[in-house]
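Per-entry structural report
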Amino acid sequence: MTAEERNTWAYAAVSVLTGFAYLVYVVVQTRHTSIDEFGFQRPILVAIAASIVLSTFVRPPVRAAQKDERDREINRHGEFIGFFVLAVGFLPAFALAMFEADHFWIANAIYGAYLLNAVSASTVKIIAYRRGL
């Protein structure tokens, strides 16, 4: 397993864990509080910050000399697919904003699109490392 593949696994795991932790927190809090009164701003920012910090420290640094052409091509392919997932994932958030939905739903749709992007790009990369492009 190359260092880039380990980084991809770590990024996927961190994204899934922080997203799941945020979801559990929201479900627990909204059982006692209505969504209109729920202060979602701090928890979603904590989840995003935790994802960034954990991704930075869990993933070992990879020097440019360690990356070969295969790693670069797999990364390009995974990010390409992830971009389209992100673009499609933003459509519900855009629609919610157009229909003037509550900020809670718009923010969570955007965060969901980010999580879908992270998981799909990582999955495509992992499959490419295991089976080839």
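Use the structure listed above.
Let us look at the structure shown here. (Residues numbered from 1 in each chain as written. Predicted model: local features only at pLDDT ≥ 70, side-chain atom pairs only at ≥ 80, totals over all residues. Heavy atoms only, no water.)

Our focus in this paragraph is the overall build of the protein chain. Scanning the protein chain for helices and strands turns up four helices and zero strands. Secondary structure elements of the protein chain occur, N-terminal to C-terminal, as α-α-α-α. Seen along its three principal axes, the alpha-carbon backbone of the protein chain occupies a region of about 50 × 30 × 20 Å. Looking at the protein chain as a whole, 34% of its 133 residues are labelled buried. Considering only residue pairs separated by 6 or more positions, the protein chain has 82% of its internal contacts joining residues 24 or more positions apart. Just so you have it, the protein chain exposes about 8,600 Å², and 67% of that area is on carbon and sulfur atoms. Here the protein chain carries 12 positive and 11 negative side-chain charges, and the mean point of each set is 10 Å from the other. (Helix = DSSP H or I, 4+ residues; strand = E, 2+ residues; numbered from the N terminus. Buried < 20%, exposed > 50% of the residue type's maximum accessible area, 1.4 Å probe, protein only. Contact = heavy atoms within 4.5 Å. Areas by Shrake-Rupley, 256 points an atom, 1.4 Å probe, with all protein chains shown as cover. Lys, Arg positive; Asp, Glu negative; His and termini not counted. Charge placed at Lys NZ, Arg CZ, Asp CG, Glu CD.)

In this section: the nonpolar core. It is characteristic of soluble globular proteins that their nonpolar side chains tend to be buried jointly. Of all hydrophobic cores here, the largest spans ten residues; its members are Tyr22, Val26, Phe38, Phe40, Ile44, Ala47, Phe104, Ala107, Tyr111 and Leu115. Going through the elements one at a time, α1 (3-32), α2 (41-58) and α4 (103-131) are the ones with two or more residues in this core. Considering every element that reaches this core, the biggest residue donor is α4, with four residues. Ile44 has contacts with Tyr22, Ala107, Asn108 and Tyr111, leaving out every residue within four places of it along the chain. (Core = buried A, V, L, I, M, F, W, Y, C linked by side-chain atoms within 4.5 Å.)

Here we come to α2. Here α2 contains 18 residues, and its C-alpha end-to-end distance of 25 Å stays within 8% of the 26 Å for a straight helix at 1.5 Å per residue. Residues Pro43, Ile44, Ala47, Ser51 and Ser55 constitute the buried set of α2. Angular distribution of buried residues about the axis of α2 spans 100 degrees; they occupy a single face of the element. Exposed residues pointing more than 90 degrees away from the buried face of α2 are listed as Arg42, Leu45, Val46, Ile52, Thr56 and Phe57. The secondary structure elements touched by the buried residues of α2 are α1 and α4. (Expected span 1.5 Å × (residues − 1). Arc of directions from axis to C-beta.)

Further remarks concern the pattern of salt bridges. Considering all chains together, one arrives at four salt bridges under this definition. Arg130 serves as the salt-bridge partner of Glu5, at 3.0 Å between the closest nitrogen and oxygen. A residue pair is termed long-range when its members are at least 10 positions apart, and Glu5 in helix α1 and Arg130 in helix α4 qualify at 125 residues. With relative accessibility at 54%, the residue Arg130 sits in the exposed group. Arg72 serves as the salt-bridge partner of Glu69, at 3.9 Å between the closest nitrogen and oxygen. One end of the pair, Glu69, and the other, Arg72, are both in helix α3 (residues 69-98), three residues apart, so they sit about a helical turn from each other. Note on Glu69: relative accessible area 52%, which makes it exposed. (Salt bridge = Lys/Arg side-chain N within 4 Å of Asp/Glu carboxyl O.)

In the contact formed by α1 and α2, the axes pass within 9 Å of each other and the chain directions differ by 160 degrees. The angle between the axes of α1 and α2 places the two elements in the roughly antiparallel class. The two elements α1 and α2 meet at a crossing, and its hand is right-handed. Seen from α1, the contacting residues are Ala10, Tyr11, Val14, Ser15, Thr18, Tyr22 and Tyr25; seen from α2, they are Pro43, Ile44, Ala47, Ala50, Ser51, Leu54, Ser55 and Val58. Per-class residue counts for the contact of α1 with α2 are eleven nonpolar, four polar and no charged. (Axes fitted to C-alpha atoms, helices over the stretch in contact; angles between N-to-C directions. Parallel < 35°, antiparallel > 145°, perpendicular 65-115°, else oblique. Left-handed = near helix turned anticlockwise from the far one by under 90°. Nonpolar A, V, L, I, M, F, W, Y, C, P; charged D, E, K, R; others polar.)

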